[in-house]
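Chain by chain, the residues run as shown.
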Amino acid sequence: MHTYIVLLRGINVSGKNLVKMDALKQALLLHEFTKVSTYIQSGNIVVQTPLDKTAAQKQFEAVLLNQFQVNVPVFILLLSDLENAVANNPFPATAESNKVFFTFLDTVPDVALVAKLQTIDFGNEVFHVQNKILYFYVPNGMGKSKMNNNFFEKKLNVTATGRNLNTILKLIALTTAID
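1. Remarks on the environment of G162
Take G162: it is sitting in strand β8 (residues 160-164). Overall, G162 belongs to the partly exposed group, its relative accessible area being 21%. Separated by 14 residues in sequence, G162 and N148 place their C-alpha atoms 8.3 Å apart. Once residues lying within four places of it in the same chain are set aside, the contact partners of G162 are F102, T103 and N149.

2. A closer look at the sheet that holds strand β2 (residues 34-39)
With antiparallel pairing, the four strands of this open sheet are ordered in space as β2-β3-β1-β4. The two strands at the open ends of the sheet, each matched to only one other strand, are β2 and β4 (74-77). Across this sheet, the average inter-strand angle for adjacent strands is 20 degrees, counted without regard to direction. Examined bridge by bridge, strand β1 (residues 2-8) and strand β3 (residues 44-49) share six bridges and lie antiparallel to one another. Counted as the bridge partner of V6 is I45 from β3.

Criteria and thresholds
Residues numbered from 1 in each chain as written. Predicted model: local features only at pLDDT ≥ 70, side-chain atom pairs only at ≥ 80, totals over all residues. Heavy atoms only, no water. Helix = DSSP H or I, 4+ residues; strand = E, 2+ residues; numbered from the N terminus. Buried < 20%, exposed > 50% of the residue type's maximum accessible area, 1.4 Å probe, protein only. Contact = heavy atoms within 4.5 Å. Pairing = 2+ DSSP bridges. Axes fitted to C-alpha atoms, helices over the stretch in contact; angles between N-to-C directions.

In structure tokens, the structure reads:
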């Protein structure tokens, strides 16, 4: 049995791709997933399944499409992925955890695109790319920031989904609790 953290890109945002987490949980329980836990309404799920990562992703995508008519990127991660992301967080522990973001990328971005992005003046906002994770810190909050998933996807030619440090830590705790 495998335990996965599933992050959905663009669920329940601005009235689009609406999926009630309770309904998703019930649908998943009928399709080879067990011990399903969700956290807030933005597509954070912890599941157990006998399926490998690739099969779990395909099954998850099928449930979303067939049950909810939603087609969004699905990121399947392991507990170790989240723990390593936290361990490699380049920002100081004093940075406000709701302003530190972990953005998971579908591929390692092209070095030239990262270099080009580094030439942009973001003021006091900063980002770091480490393999398939982009970390960014927005000390004044997301409301006025240029930095967000759409921005990074466009500039780096990747698909991404991000969560703040608080959410990452909660997902680690949820995963540990169901193992």
